[in-house]
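Geometric and topological summary
Below are the chains, spelled out letter by letter.
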Amino acid sequence: MKTKILATAILATGISLPAMADSQGNVMEARKIIKQFATELKGELQKAMKEGGPVNAIGVCKSKAPTIASNISTSSGWSVARTSLKPRSTANAPLPWERKVLEEFEARKAAGADPKTLDYSDVVEENGNKVFRYMKAIPTAKVCLNCHGGDEVKPEVVMRLKSLYPADQARGFREGDIRGAFVLKKTF
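What counts, and where the lines are drawn
- Residues numbered from 1 in each chain as written.
- Predicted model: local features only at pLDDT ≥ 70, side-chain atom pairs only at ≥ 80, totals over all residues.
- Heavy atoms only, no water.
- Helix = DSSP H or I, 4+ residues; strand = E, 2+ residues; numbered from the N terminus.
- Buried < 20%, exposed > 50% of the residue type's maximum accessible area, 1.4 Å probe, protein only.
- Contact = heavy atoms within 4.5 Å.
- Areas by Shrake-Rupley, 256 points an atom, 1.4 Å probe, with all protein chains shown as cover.
- Core = buried A, V, L, I, M, F, W, Y, C linked by side-chain atoms within 4.5 Å.
- Pairing = 2+ DSSP bridges.
- Axes fitted to C-alpha atoms, helices over the stretch in contact; angles between N-to-C directions.

**Points about the overall build of the protein chain**
In terms of regular secondary structure, the protein chain is built from 5 helices and 4 strands. Considering the protein chain as a whole, with its 188 residues, one finds that 35% of them fall into the buried category. Within the protein chain, counting contacts between residues at least 6 apart in sequence, those at least 24 apart form 66% of the total. Within the structure as shown, the protein chain displays about 11,200 Å² of accessible surface, and the carbon and sulfur contribution to it stands at 57%.

This is the structure:
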């Protein structure tokens, strides 16, 4: 009975079983790319923190994070980016579909979901091409509060942030909050 209901649901959506399997493969590939991006970025941030604390680490997010994303995009064939409801840089402001997903993540978190488990994927048509889109929530870790927290952000960090990001909205987070999301897209 459950198999019949599942098959009916799949047919009703117009998704074929091979497309579903391909979607799962894309999700797995996207997660692998995110892990690579997060690992590289974390390594750069840790190095900068050791060399000069949070003020020094701000430069990593400003210049190295976009370079890491660009390099991974080139090598993987995926578009790799980050966004947030409270972006530090206006370049990372969410597109309408990204905003909707981020708002859904916030609602799921409010209902008790662990931000580490929040992700989303779909396939849409853009400019006549099918595009696989994937988002994964970025939870705020304790170390992130050095630059993304509230009152605990040191004055010298605040000054540096204001000089580099005049439209900064990315403060006031608490540990465990959804800081933003990784956004990956692949055209096929």
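Now that the structure has been shown, we can carry on.
**Topic: the nonpolar core**
Of all hydrophobic cores here, the largest spans 20 residues; its most connected members are Phe37, Trp78, Val80, Tyr134 and Leu184. Every element with two or more residues in this core is listed here: helix H2 (17–76), strand S3 (129–139) and strand S4 (178–187). If one sorts the elements of this core by residue count, H2 sits on top with 13 residues. Counting 10 residues, the second-largest nonpolar core is a separate cluster that includes Leu102, Leu118, Met135 and Ala181.

**Overview of the sheet that holds S3**
Spatial strand order, S1-S4-S3-S2: 4 strands in an open sheet with antiparallel pairing. Strand pairing shows two members of the sheet lacking a second neighbour, strand S1 (79–83) and strand S2 (119–126), which therefore form its edges. Each neighbouring strand pair of the sheet contributes to a mean axis angle of 20 degrees, computed without reference to strand direction. Relative to S4, S3 runs antiparallel, the two being bridged by 9 bridges. Paired with Met135 across the strands is Val183, a residue of S4. Packing of helix H3 (residues 96–110) onto the sheet brings it into contact with S1, S2, S3 and S4, and relative to S4 it is tilted by some 135 degrees.

Read these as layout, nothing more, since geometry by itself doesn't imply function.
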